Structure formats: C-alpha cells, structure tokens
Protein chains: 2
Amino acid sequence: MEQVRTILLNKSVLDENEQEADSLRQKLQEKGVCLVNVMSSPGAGKTTTLVSLIRSLPSLRIGVMEADIDSDVDALKVAKETGCRSVQLHTGGMCHLDAGMTAQGLEELDVDGLDLVFLENVGNLVCPAEYDTGAHLNMTILSTPEGHDKPLKYPLIYQSCDLIVVNKIDVGSYFDFDLQECVRNIRYRNESATILPISAKTGEGMEALGAYFIDYVNKIKQK
Amino acid sequence: MEQVRTILLNKSVLDENEQEADSLRQKLQEKGVCLVNVMSSPGAGKTTTLVSLIRSLPSLRIGVMEADIDSDVDALKVAKETGCRSVQLHTGGMCHLDAGMTAQGLEELDVDGLDLVFLENVGNLVCPAEYDTGAHLNMTILSTPEGHDKPLKYPLIYQSCDLIVVNKIDVGSYFDFDLQECVRNIRYRNESATILPISAKTGEGMEALGAYFIDYVNKIKQK
C-alpha cells in the first residue's frame, strides 16, 4: 500500500516537472543559451572536469551552477580557477535537482550574454536521472576508480544521457579498469551516446571534449 | 505546494519505517545476529572491503545481502570469493533500502546460525542515510579518489553512522587526498564515529577492521 501511494504521487510530480523542463529548455534556446546537466557519483571529478573544460573554451561565454546538499567549495573553486560567472545551489537535503530548482538557479546566475551554462547536479547515480532539469544535453561522468561495471548497476543514468565522459583514465590500470569492457557495458544501456575518455588532471582527451562542446553550442544556436 | 505534499508523505513513511526497523533490530538481537548496514558512493569499494573483511574473520559465521538496482555481479563475487551465504536484492529502481526490504532479504538469506550479516546498500551518499534498515551498526566507506571534502557535501550519511572506513589509502597521495583534513571534515559532522583507514586491495588496516568487528559481535551477543 505504502509503495503504491508513493509511486502515484511521484508520477504526478514527474509529469509537472516534465512540462516545466520543456518550457525552460525552449526559453533558453530562444535566448541562444545551451544548458548542460552534469551528473556522476560523488567524487568522479565533475568540478575538476568543468574547470579544465572551461579553460579550454575561451571563445565561449560560460556560466556554472554548482548544486550540493551543503558547502560552497565547488562554486568557489570554479570562480577562482576559471573566473566565470558561478552560483552555488543548496538543495537542503534533496538528492537531485528538478526543473524548478534549475530555473531558480538560472535566475540567480543571470544567463544574458552567455552561450553555455553547466549545471553540476548532486553527486548521485540514481535520483538525478529521474528528473528532467530542462537541460539540452545530459552528460554523465564515470571515473575509473568506480569500476567498469557501473552501467550494469545504475541503468537509468546511463540510458538517459547523450554524452558519457570516462574520467581519471590516467589511473585506470591501477584499478583494473577495462575501457573496452566499460564501453560494452555502456552500450548495453545506451546505443547512441557519445563516449569520450579523459583525464581532467593530466589533460588527456580534453581537446576532443572541448571540440564536442564547440560543435554542440553551434548546433543549438543554429536550430 | 508540491514540496509540502511530498514531505508530509515522506514523514509518515519514515515513521512507519522506524517502527519496523526497531522491531527488526530487536528480533535479530534476540537471535544473537548482528546486522551491519554498509553505505558508500558507487565504486568506493563496499564489495571488495567485505570480501577482504570476511576472509579475515574465519571464526564468525557470516551472511551477506547485496543490494543493487540491477545486476548480480556483487553477490556472485562474494559467494565465489568467500564461500559465505549471500543473496542479491534488486531494488527495482529504488535509491535506498528500508526496513521492509531488509526484512525480505533476511527471510531469503535465512539468518539461523549466523553471527553477523552485512547488508550492502545501494551506492548513494544521500538517500540510504534517511532510512533506518534495522541494522545495529551503520558503516560508511569513503574512498580516497572521491576526495576529503565529501563530509562537507553529504552531511547526513556522515552524521548517522557509527563506523567510517577510509578506503583506497594506498592511492591517496595520487588524488591529493589529505587524511588529516578528511578526519577534520568527518569530525565536523560526527564527533564519536570510529574512523579506520584501510586499503582493501593491499590489506593495509584490515587487521584493525577485523578486530573492530570481533569486538562488536561480542558486545551484541552479551547485551
């Protein structure tokens, strides 16, 4: 009984959220602003990847929203290391972001004049995948210390994204991480997502990731 | 409005869950079985730590319940590498375990004759901390690649546990992981939890972790 009640409520909340997300996505597109939702486990390197990526894209005007349950360390790091416009969002215990929270963050960030906004979601491989934030692009980072079996264990987040970045490949061998096996496991969940291996720490693969975003922003602007 | 409705339902679900958890904890104690809830980020090394720990405790009769949204790889690994009684629980998309799911798992595992049961929760630093599973002991694993700032970002899971295992210390320096800073961050959330640094891969610190459990099981049996 208890579970049925929860699921029904959840469905109505998800429906409302989806409408809000579609409307937000449309509004951003009209302004020529591309929104990217960045998801991963805690500590997979979302912030470090964003810092390295933003530095490699000097031609784009970029903003960042950092979501955490608590602490401001990520927004401070991004602002200090890239100089770009950034805000910290506190979810107050919530395990994910939805379109309403994203819209609030965008209001505070002020997107006028920006080409690209990154939304760093709460570090969590389960709940964020269930809520459309209004982003044009969903990006999931998988880091090698987590192991190549993660797509088998957390289906939805790998199914529902467009870009999968495999981070910390410089230490993959130490963790017996098998990139080919990882790609097979990702393909089991998602046939079409772009997969890009990188090390945000050493810079390996960052050029390809930067080129991906240049191309993506151009496409959004031309639509 | 939406959020108020969700929170109220959540509260009643949590209250019911707490009663069920207390009753489960009491029943297990009467049988002399100690239940340990193991939580962490995805890929922090829950299964590898359990395998290494179980092998170091030949005098105890141990059972394991492995929870995942999907896949059986963890239960198969535990059964193959330790020979101990193990079951895989599929949460069907749920981001956490509650006392009802734990009770179902225990029924399937059959705890008669066991001293110690490990419940490996879904890899998630947010939701599992909100639900009492009925365990006597809550253990959180933090792995060095995640970074020493995690207790700042995920308050509840570090507040609500009795034992914090810092895993993968053999590679801490590569990830600029500062153990002293990590301990300070843990203490900011939790003054009394036992903190044990280990490497489940190299075996460092496993003797102390084994001794902790021998002692803990004795205490539960003498209560």
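Residues numbered from 1 in each chain as written. Chains lettered and ligands numbered in written order. Predicted model: local features only at pLDDT ≥ 70, side-chain atom pairs only at ≥ 80, totals over all residues. Heavy atoms only, no water.

Here's the deal with the packing of aromatic side chains
Okay, so step 1: By the definition in use, this model includes nine aromatic pairs over all chains.
Okay, so step 2: The interplanar angle of 85° and the centroid separation of 5.4 Å between the aromatic rings of Tyr174 of chain A and Phe175 of chain A together place this pair among those described as edge-to-face.
Okay, so step 3: Owing to a relative accessible area of 31%, Tyr174 of chain A belongs among the partly exposed residues under this scheme.
Okay, so step 4: Centroid distance Phe175 of chain A to Phe175 of chain B: 6.3 Å. Interplanar angle 40°. Geometry classified as tilted. With Phe175 of chain A in the loop between strand E6 (163-167) and helix H7 (179-189) and Phe175 of chain B in the loop between strand E6 (163-167) and helix H7 (179-189), this pair bridges two chains.
Okay, so step 5: Accessibility expressed as a relative area gives 16% for Phe175 of chain B, which makes it buried.
Okay, so step 6: In textbook terms, an aromatic cluster arises when at least three aromatic residues are bridged by ring pairs, as seen for Phe118, Tyr212, Phe213 and Tyr216 of chain A. (Phe/Tyr/Trp six-rings, centres within 6.5 Å; stacked < 30°, edge-to-face > 60°. Buried < 20%, exposed > 50% of the residue type's maximum accessible area, 1.4 Å probe, protein only. Helix = DSSP H or I, 4+ residues; strand = E, 2+ residues; numbered from the N terminus.)

Examining helix H2 (residues 46-55) of chain B
Okay, so step 1: Of all 10 residues making up H2 of chain B, eight are buried, and the element is well covered by its neighbours.
Okay, so step 2: Regarding H2 of chain B, the residues found buried are Lys46, Thr47, Thr49, Leu50, Val51, Ser52, Leu53 and Ile54 of chain B.

Comments concerning the relation of the copies chain B and chain A
Okay, so step 1: For the pair chain B and chain A, the relating rotation is 180°, the translation along its axis is 0.0 Å, and the fit reaches an RMSD of 0.0 Å. Overall, the copies show the geometry of a two-fold rotation axis.
Okay, so step 2: A share of 100% of interface residues in chain B that are also interface residues in chain A marks the association as one of identical surfaces. (Least-squares fit on C-alpha atoms with pLDDT ≥ 70 in both. Contact = heavy atoms within 4.5 Å.)

What about the sheet that holds strand E1 (residues 34-40) of chain B?
All names here are of chain B.
Okay, so step 1: The strand order E3-E2-E4-E1-E5-E6-E7 describes an open sheet built from seven strands, whose pairing is parallel. Here the strands that pair on one side only, and so sit at the sheet edges, are strand E3 (85-90) and strand E7 (194-197). Looking at each pair of strands side by side, their axes are set apart by 20° on average, direction ignored.
Okay, so step 2: By the bridge criterion, five bridges tie E1 to strand E5 (residues 137-143) in an arrangement that is parallel. Looking across to E5, one finds that Val36 is bridged to Leu137. (Pairing = 2+ DSSP bridges. Axes fitted to C-alpha atoms, helices over the stretch in contact; angles between N-to-C directions.)

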